[in-house]
Amino acid sequence: MAKEVGQSGGFDLAVRGGTLVIPGVGQVKADVAIARGKIAALGDDLSAAGAEVYDAAGKTVLPGIFDPHTHIGNERSYDSEAETETRAAIVGGVTTIGIFLRSLDDSYFKHLPAFRRAMDERSYVDSIFHPQIFTEQQIAEIPSYAEQFGIRSFKFYMSGMPGIVKSITDDVLLEGFRTVAALGQDAVACVHCETGALIDQARKHLKERKPEGTLVDWEDAHPADAEALAVQTALYLAKVASAHLYVVHLSSRHGLEVVRAARRAGAHFTVETTTPYLGINSSDENRLLAKMVPPVRLPEHQTALWEGFAEGSINTVGTDNTSRSRKTKNPQCGLHGSKPGFPVLGTHLPALLHYGRLHGVSLERLIDCATRSPARVYGIYPQKGTIAVGSDADLVVVDLEMEKVVRAEELLGMSDFSPFEGKRLRGWPIATIKGGTIIARNDKIVGQRNGRYLLRRPQPAQDLEWFRRADA
Ligand SMILES: [Zn+2]
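Cut-offs used in this document
- Residues numbered from 1 in each chain as written.
- Predicted model: local features only at pLDDT ≥ 70, side-chain atom pairs only at ≥ 80, totals over all residues.
- Heavy atoms only, no water.
- Helix = DSSP H or I, 4+ residues; strand = E, 2+ residues; numbered from the N terminus.
- Rg over C-alpha atoms; globule rule 2.2 N^0.38 Å.
- Buried < 20%, exposed > 50% of the residue type's maximum accessible area, 1.4 Å probe, protein only.
- Contact = heavy atoms within 4.5 Å.
- Lys, Arg positive; Asp, Glu negative; His and termini not counted.
- Charge placed at Lys NZ, Arg CZ, Asp CG, Glu CD.
- Expected span 1.5 Å × (residues − 1).
- Bend = angle between axes of the 7 residues up to and from the residue.
- Pairing = 2+ DSSP bridges.
- Axes fitted to C-alpha atoms, helices over the stretch in contact; angles between N-to-C directions.
- Salt bridge = Lys/Arg side-chain N within 4 Å of Asp/Glu carboxyl O.
- Core = buried A, V, L, I, M, F, W, Y, C linked by side-chain atoms within 4.5 Å.
- Left-handed = near helix turned anticlockwise from the far one by under 90°.
- Nonpolar A, V, L, I, M, F, W, Y, C, P; charged D, E, K, R; others polar.
- Parallel < 35°, antiparallel > 145°, perpendicular 65-115°, else oblique.
- Patch = residues over 30% accessible without salt bridge, like charges linked within 9 Å, V, L, I, M, F, W, Y side chains within 5 Å.
- Areas by Shrake-Rupley, 256 points an atom, 1.4 Å probe, with all protein chains shown as cover.

Q: With reference to specific residues and values, describe the overall build of the protein.
A: Along the backbone of the protein there are 16 helices and 20 strands. Against the globule reference of 23 Å for 472 residues, the protein gives a C-alpha radius of gyration of 21 Å, in line with a compact fold. If you line up the protein on its principal axes, its C-alpha atoms span 70 × 45 × 45 Å. Classification of the 472 residues of the protein by burial places 62% in the buried group. Taking the intrachain contacts of the protein between residues at least 6 apart in sequence as the baseline, contacts between residues at least 24 apart amount to 77%. Each charge sign in the protein was given a centre, from 54 positive and 57 negative side chains, and these centres are 1 Å apart.

Q: Talk me through helix α3 (residues 136-149); I want residue IDs and the actual numbers.
A: Since the α-helix turns once every 3.6 residues, residues separated by three or four places project in the same direction. An ideal rise of 1.5 Å per residue puts 20 Å on 14 residues; α3 measures up with 19 Å between its terminal C-alpha atoms. Remark: the principal bend of α3, roughly 45°, maps to isoleucine 142, with a proline, proline 143, within the next four residues. Residues Gln138, Ile139, Glu141, Ile142, Tyr145, Ala146 and Phe149 constitute the buried set of α3. Buried residues along α3 sit against α2 (112-121), β11 (153-157) and α4 (170-183). Following α3 by one or two positions, glycine 150 adopts a phi angle in the positive range, close to 60°.

Q: How would you summarise the sheet that holds strand β5 (residues 38-43) if you had to cite specific residues and measurements?
A: Strand order in this open sheet of four strands is β5-β4-β1-β6, and the pairing throughout is mixed. Edge positions in the sheet fall to β5 and β6 (52-55), since each of these pairs with one other strand and no more. Each neighbouring strand pair of the sheet contributes to a mean axis angle of 20°, computed without reference to strand direction. Direction of pairing for strand β1 (residues 13-16) relative to β6: parallel, over a ladder of four bridges. Across the sheet, the residue bridging to arginine 16 is aspartate 55, located in β6.

Q: Quick one: what's the story with the environment of threonine 214, residue by residue and with numbers?
A: Of note, threonine 214 is situated in the loop between α5 (196-209) and α6 (215-221). Spatially, the C-alpha atoms of threonine 214 and asparagine 321 are 22 Å apart, while their sequence positions differ by 107 residues. Those residues in contact with threonine 214 that sit more than four places away from it in its chain are Leu288 and Leu335.

Q: Lay out the pattern of salt bridges with the relevant residues and their values.
A: Counted under the stated rule, the structure contains 28 salt bridges. The closest approach of N and O atoms between aspartate 392 and lysine 38, which form a salt bridge, is 2.6 Å. With aspartate 392 in the loop between α15 (372-377) and β17 (395-405) and lysine 38 in strand β5, the pair connects residues that are 354 residues apart, well separated along the chain. Using a relative accessible area of 9% as the deciding quantity, one classes aspartate 392 as buried. The salt bridge involving glutamate 83 is made with arginine 449; its shortest N-O contact spans 3.4 Å. Of the two residues, glutamate 83 sits in helix α1 (residues 78-91) while arginine 449 sits in the loop between β20 (444-445) and α16 (465-468), which places them 366 residues apart along the sequence. Accessibility expressed as a relative area gives 30% for arginine 449, which makes it partly exposed. Several salt bridges converge on common partners, so that one network encompasses Lys38, Asp126, Lys384, Asp392, Asp394 and Lys434.

Q: Would you mind going over the nonpolar core in detail, with residue names and values included?
A: One finds Tyr78, Phe129, Phe156, Phe177 and Phe309 to be the most contacted residues of the largest nonpolar core, which totals 110 residues. If one sorts the elements of this core by residue count, helix α7 (residues 224-241) sits on top with eight residues. Excluding anything up to four places from it in sequence, phenylalanine 177 contacts Phe156, Ala189, Val191, Ala234, Leu237, Ala238, Ala241, Ala243 and Leu245. Val28, Tyr54, Ala431 and Ile433 belong to the second-largest nonpolar core, a separate cluster that totals 21 residues.

Q: Can you break down the packing of α1 against α2 residue by residue, with the values?
A: In contact at an axis separation of 9 Å, α1 and α2 are set at 35° when each is read in the N-to-C sense. Crossing geometry of α1 relative to α2 is assigned as right-handed. Residues Tyr78, Asp79, Ala82 and Thr86 of α1 pack against Phe115, Ala118 and Met119 of α2. Residues that form the contact of α1 with α2 fall into these classes: five nonpolar, one polar and one charged.

Q: How would you sum up α1? Please name residues and give values.
A: For α1, spanning 14 residues, the distance from its first C-alpha to its last is 20 Å, which sits close to the expected 20 Å at 1.5 Å a residue. When you tally the buried positions in α1, you get 10 out of 14 residues, the bulk of the element. Along α1, the residues that are buried comprise Tyr78, Glu81, Ala82, Thr84, Glu85, Thr86, Ala88, Ala89, Ile90 and Val91. Backbone geometry just downstream of α1 places glycine 93 in the positive-phi region, at approximately 95°.

Q: Outline the pairing of β17, listing residues and values.
A: Here strand β7 (residues 60-63) pairs with β17 via four bridges, running antiparallel. The residue of β17 that forms the bridge with threonine 60 is valine 398.

Q: How would you summarise the packing of α7 against helix α8 (residues 253-264) if you had to cite specific residues and measurements?
A: It is the contact of α7 with α8, at a shortest axis distance of 7 Å, that shows an interaxial angle of 25°. By the angle between their directions, the pair α7 and α8 is classed as roughly parallel. Note on packing geometry: the crossing formed by α7 with α8 is right-handed. Only His254, Gly255, Val258, Val259 and Ala262 of α8 make contact with α7, whose side of the interface consists of Ala224, Asp225, Glu227, Ala228, Val231, Gln232 and Leu235. Split by residue class, the contact of α7 with α8 holds seven nonpolar, three polar and two charged.

Q: Residue-level account of a negative patch on the surface, with values.
A: The grouping of Glu136, Asp170, Asp171 and Glu175 at the surface amounts to a negative patch. Broken down by element, the negative patch gets its largest block of residues, three residues, from α4. Looking at where glutamate 136 falls in the secondary structure, it is placed in helix α3.

Q: So, the sheet that holds strand β9 (residues 94-101): which residues are in play, and what are the values?
A: In sheet architecture, strand pairing relies on hydrogen bonds along the backbone and comes in two forms, parallel and antiparallel. Pairing is parallel in the open sheet, where four strands are placed in the order β10-β9-β8-β16. The sheet terminates laterally at β10 (126-131) and β16 (321-322), the two strands that pair on one side only. Here strand β8 (residues 65-71) pairs with β9 via four bridges, running parallel. Counterpart to aspartate 67 in the pairing with β9 is isoleucine 97.

This is how it looks when you write it as structure tokens:
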């Protein structure tokens, strides 16, 4: 690779001898030189006099992972989890997260300053917000959230979860789509696609039929048809409103088939799945610790998701991290008493690398879906999501051959369990560099946290051309 040295020397840190995975470019053997938190040069044998040197010989260097789908503050306070969950993230190679904020009734103006402060003062990673929209007032305030807090993405639940979030109806969804679309072409409407009425009925029937229930039964409470139908509805309403639909956490073959048909018909939208759906299915021995909404499903769905991932029907991969403790997860309460959600930020990258290899998906494809693709969708590319001169110096050094058994206590989050507990995964991060500083090394925090909340601004049309291309 040609040298791209903007300056000689004056670097703070040099990552030497590794193989870089650059989305859209491929694998390149090169050094990375960093100055003032940015990537300053890429090339061979960069002279790094005076700089700290990280020897990455024989290792793989990835862009910092961007997990676009996390929840903070479901179990403990927002402030507390802003620290603990991002600590698990950085050790696991995740350097930026998207956070789905929750306020069921209040205006977000009551909460946004505190949420933002937490991410500026307590977080190990950079972050963006996606407020979850439930009320007419919140819809009316979307333009102000965009203006005052640099927010360009919002989430809508077609099906709620008892005691956690509320469902919205199609009329509210359409109004939400129109309001988001009016912000500009770059604005994104994220949708939890399950048809609420079908879920409510299925959940009730399951409870009557199987008061105890297993992880396999849980799929009956969230049938794949309810996901497929909701994707269909959301696609139609997004078309009516000319909104950029982002389907969060696709979980089923049925949903994927609707996605494929819509893409064949020329629709442009984005689809996400998560590493738990790619790595865990309903036969899992960790049982109710793996309870989630939508559910982890039968292996046939998992196989379909991998096919969708490899072929490009699925564009991004996140976690849906929701920290819980064993106590509130409470498997002894049975299926219906156990709360959905699990901590998976610390296992995101190892699970992607491990199961991706098992399913024969290329490293380039895996990493694109975990870095550049979500960074483009959410308007933070090329600041994030690549390894390029001028980008933020967020890098993960990975040992692709390292094998390790997942132990919750080593993941450094607040939770005392992992749905991947006991699984031997191959491919682990050994160092995470964020904003030019080595923050984590060999599963330990070694640097000062420097996470920031990222303000987003409307993007010019030429930066959105990728979205209209078939291969995006
Ligand atoms: Zn979620």
